[in-house]
Structures are given as structure tokens and as C-alpha cells.
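As a plain string of letters, each chain reads:
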Amino acid sequence: MRTLLVSFLAIILSGFFNDTKSQTKFEFPELPYGYDALESFIDKETMEIHYTRHHKAYFNNFVKRPLRKTSLAINQFTTSFQK
């Protein structure tokens, strides 16, 4: 279960940054698979609600933070899984 969670979070975090010359933009990434892809573990409706509402709210609050604090948070987050 932990491996599945880490893989899911790595996919999500990889879509966070789209660099431009003047600033970093944050865009909520689309899932690289359908909401029903994990149907044997979680139903499509729950997955859709979780990703488009719950997870998106966390994402939106995350990107409101200053970029420096965000970078530190990502580093701390990824480091915690390397232990």
C-alpha cells in the first residue's frame, strides 16, 4: 500500500511545475489514468471525488504558499520517503 501511495504522489508531484522565463506556474495535473483504473481497490466515484475535490483543495492551498516555502516542503516530503 505504501508503494502505491508513493507512486501516486510521485506522479502528482511531477506535474506541479511548468517553468517559464519569468515565473513558475502551478497547474493541477490530470490523472495519467482513468478514475476507474483502480476499480479493484477503490470505486470510480470515490476516486473522482477525492481527486477533483479533496486533492485539488490541498493542491490549491499548497500553491498559495510562497515559492521558497513550497520548495522546502517538497524537499522535506520527498526526503521523508527516502529513509
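Given the structure is predicted, the values throughout are model-derived calculations rather than measurements.

Undergrad: Mind showing me how you'd approach a negative patch on the surface here?
TA: A surface patch of negative charge is lined by D36, E39, D43, E45 and E48. Looking at the secondary structure, you find E45 in helix 2 (residues 44-63). In this structure E45 comes out as exposed when scored by relative accessible area, which is 56%.

Undergrad: Any chance you could explain the confidence of the model for the chain here in plain terms?
TA: When pLDDT drops low, the exact placement of atoms in the prediction is not to be read closely. The share of residues in the chain with pLDDT of 70 or more is 57%, and the mean pLDDT across the chain is 75. Least confident of the elements in the chain is strand 1 (residues 17-19), whose mean pLDDT is 47; most confident is helix 2, at 90. Low pLDDT (under 50) marks residues 18-22, which in the prediction has five contacts with non-local residues, meaning those over four places away or in another chain.

Undergrad: What's the story with helix 2 in this structure? I'm lost.
TA: The periodicity of an α-helix, 3.6 residues per turn, causes residues three or four positions apart to be oriented the same way. For helix 2, built from 20 residues, the straight-helix expectation of 28 Å at 1.5 Å per residue is met to within 8% by its first-to-last C-alpha distance of 27 Å. Bending of helix 2 peaks at approximately 35° at the position of K56. All of the buried residues along helix 2 are M47, Y51, H55, F59 and F62. For helix 2, the capping residue at the N-terminal end is D43, with a side-chain oxygen 3.3 Å from the backbone nitrogen of E45.

Undergrad: When you look at the packing of aromatic side chains in this model, what are you seeing that I'm missing?
TA: Following the criterion strictly, the structure yields three aromatic pairs and no others. Measuring from centroid to centroid gives 4.8 Å for F28 and Y51, while their planes differ by 35°, and the two rings are tilted. Separated by 23 residues along the polypeptide, F28 in the loop between strand 2 (24-26) and helix 2 and Y51 in helix 2 bring together distant segments of the chain. Note on Y35 and Y51: the rings are 6.5 Å apart at their centroids and 50° apart in plane angle, and the pair reads as tilted. Residue Y35 is located in the loop between strand 2 and helix 2, and its partner Y51 is located in helix 2; the two are separated by 16 residues in the primary sequence. On the accessibility criterion, Y51 (1% relative accessible area) is buried. Through pairs of rings, three or more aromatic residues link up here, namely F28, Y35, Y51 and F59.

The rules we used
- Within every chain, residues take consecutive numbers counted from 1 along the sequence as written.
- Selection of residues for local features in this predicted model requires a pLDDT of at least 70, selection of side-chain atom pairs for listing and counting requires 80 or more, and totals for whole chains, interfaces and linings are taken over all residues.
- Side-chain numbers here rest on the full set of heavy atoms in the structure, without hydrogens or water.
- Candidate patch residues must exceed 30% relative accessible area and have no salt bridge, after which like charges are joined if within 9 Å and Val, Leu, Ile, Met, Phe, Trp or Tyr side chains if within 5 Å.
- Using a 1.4 Å probe, accessible areas were evaluated by the Shrake-Rupley method; residue-level cover was limited to the displayed protein chains.
- A carboxyl oxygen of Asp or Glu within 4 Å of a side-chain nitrogen of Lys or Arg is what we treat as a salt bridge.
- Positive charges come from Lys and Arg, negative ones from Asp and Glu, while His and the chain ends are left out of the count.
- Where a charge lies is defined by one atom per residue type, namely NZ (Lys), CZ (Arg), CG (Asp) and CD (Glu).
- Every helix listed is a DSSP run of H or I at least four residues long, and every strand listed is a run of E at least two residues long, numbered separately from the N terminus.
- Buried means the residue's accessible area, taken with a 1.4 Å probe over protein chains only, is under 20% of the maximum for its type, while exposed means over 50%, and partly exposed covers the values in between.
- A residue's pLDDT is the predictor's confidence in that residue, given on a scale from 0 to 100.
- Should any heavy atoms of two residues lie within 4.5 Å, those residues are considered in contact.
- To estimate the expected span of a helix, subtract one from its residue number and multiply by 1.5 Å.
- Note on bend: at a given residue it equals the angle between the axes fitted to the 7 residues ending there and to the 7 starting there.
- Two N or O atoms form a polar contact when they lie within 3.5 Å of each other; inside protein one atom must be a possible hydrogen donor and the other a possible acceptor, and for residues adjacent in sequence the pair counts only when both atoms belong to side chains.
- A pair of Phe, Tyr and Trp rings is counted when the ring centres sit within 6.5 Å of each other, with Trp represented by its six-membered ring. The angle between the planes then sorts it: under 30 degrees is stacked, over 60 is edge-to-face, the rest tilted.

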